[in-house]
Amino acid sequence: MRIATWNINSVRLRLDLVLRLLDEAEPDVLCLQETKTVDDSFPRKAFADRGYGHAVIHGMKGYNGVAILSRRPLSGNTFHHWCGREDCRHASATIDGVEIHNVYVPSGGDVPDPAVNDKFAHKLQFLEEMAAWWPQHRSPDRPMVVVGDFNVAPLENDVWSHKQMLDVVSHTPAEVERLEAMRRSIGWVDAMRRFVPESEKLYTWWSYRARDWAESNRGRRLDHVWVTGPLAGGLRSSRVLRDARGWEPKPSDHVPVLVDVDV
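Bear in mind the structure is a predicted one, so any value in this text is a computation, not a measurement.

Participant: When you look at the sheet that holds strand 2 (residues 29-33) in this model, what are you seeing that I'm missing?
Facilitator: Adjacent strands of a sheet form backbone hydrogen bonds with each other and so pair up, either parallel or antiparallel. What the 6 strands build is an open sheet, ordered 3-4-2-1-14-13; its pairing is mixed. Looking at the sheet topology across the chains shown, the edges are occupied by strand 3 (54-58) and strand 13 (235-240). Each adjacent strand pair in this sheet contributes to an overall mean axis angle of 10 degrees, direction not counted. Relative to strand 4 (residues 66-70), strand 2 is paired through 5 bridges, and the arrangement is antiparallel. The residue of strand 4 that forms the bridge with leucine 32 is alanine 67. Along the sheet face, helix 1 (residues 15-25) touches strand 1 (2-7), strand 2 and strand 14 (257-261) and points at about 160 degrees away from the line of strand 1.

Participant: Sorry if this is basic, but what is going on with the packing of helix 3 (residues 118-137) against helix 5 (residues 173-185) here?
Facilitator: Axes are the key here: two packed helices are described by the angle between their axes and the distance separating the axes. Running from amino to carboxyl end, helix 3 crosses helix 5 at an angle of 15 degrees, the nearest separation of the two axes being 8 Å. Judged by the inter-axis angle, helix 3 sits roughly parallel to helix 5. Our pair here, helix 3 against helix 5, has a crossing hand that is left-handed. Contacts from Phe120, Lys123, Leu124, Leu127, Glu128, Met130, Ala131, Trp134 and Pro135 in helix 3 reach Ala174, Glu175, Arg178, Leu179, Ala181, Met182 and Ser185 in helix 5. Residues that form the contact of helix 3 with helix 5 fall into these classes: 11 nonpolar, 1 polar and 4 charged.

Participant: Looking at this structure, I do not really get the packing of aromatic side chains. What am I missing?
Facilitator: Within a pair of aromatic rings, the relevant descriptors are the distance that separates the centres and the angle that separates the planes. This model, assessed by the stated rule, comprises 10 aromatic pairs. Judged by centre distance (5.0 Å) and plane angle (80 degrees), the ring pair of tryptophan 134 and tryptophan 188 falls under edge-to-face. Here the residue tryptophan 134 occupies a position in helix 3, and tryptophan 188 occupies one in the loop between helix 5 and strand 9 (189-190), the gap between them amounting to 54 residues. The exposure class of tryptophan 134 is buried, given its relative accessible area of 0%.

Reading the values: rules and limits
- Residues numbered from 1 in each chain as written.
- Predicted model: local features only at pLDDT ≥ 70, side-chain atom pairs only at ≥ 80, totals over all residues.
- Heavy atoms only, no water.
- Pairing = 2+ DSSP bridges.
- Helix = DSSP H or I, 4+ residues; strand = E, 2+ residues; numbered from the N terminus.
- Axes fitted to C-alpha atoms, helices over the stretch in contact; angles between N-to-C directions.
- Contact = heavy atoms within 4.5 Å.
- Parallel < 35°, antiparallel > 145°, perpendicular 65-115°, else oblique.
- Left-handed = near helix turned anticlockwise from the far one by under 90°.
- Nonpolar A, V, L, I, M, F, W, Y, C, P; charged D, E, K, R; others polar.
- Phe/Tyr/Trp six-rings, centres within 6.5 Å; stacked < 30°, edge-to-face > 60°.
- Buried < 20%, exposed > 50% of the residue type's maximum accessible area, 1.4 Å probe, protein only.

Here is the structure:
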């Protein structure tokens, strides 16, 4: 099974780029975040015409939103809510016996202090609730994948400068500790780092603010693919489609991640 995940930053605005990904990479499953559209306006037909007629759509107007598109039948479609909010950040479905979770973690704003920044407090609570949920509701022996924009770059080489990023939202110790607690909760395996050692830089996001994103290369790995133990031995490859950051017109600031796993 080839699984692709991409924060598309508006699926309607960047539909041509998503269709290009489907044509070139041919994933079996595509998980999108920040679709930014209500369900009735999601371009289902464009995906169905490409062979992705099975879909779980969970969106809202102008913000957030996740979607799972598949060439294979979906079952057990579920929407999950965190922090007492129904803000369309988590959907799941089962494909060929594998439960796939698609998650968009809050970005957290600019100030890494929950006492003065409600957005950062929300992000920390979101991660804490997810970390507690997994062992209560899911067995580590269940074949599962969780993907998405986690908005945290946990490792030193997941950011362009560990020292300079320690007090920047996405790489602060508070976020990293909570994401790691979630990863440990049922023994999730970081699929991308199975193929790229932790000693090597690995990014999936480059800011729109950079004058030349490729030249400065000040990236972060905000997008992740984790699998449970039963699938870890079946991991076959992982790719970050870096060139997609320059796809025209109007690229997303995130790029797709592809993981191949035998199921």
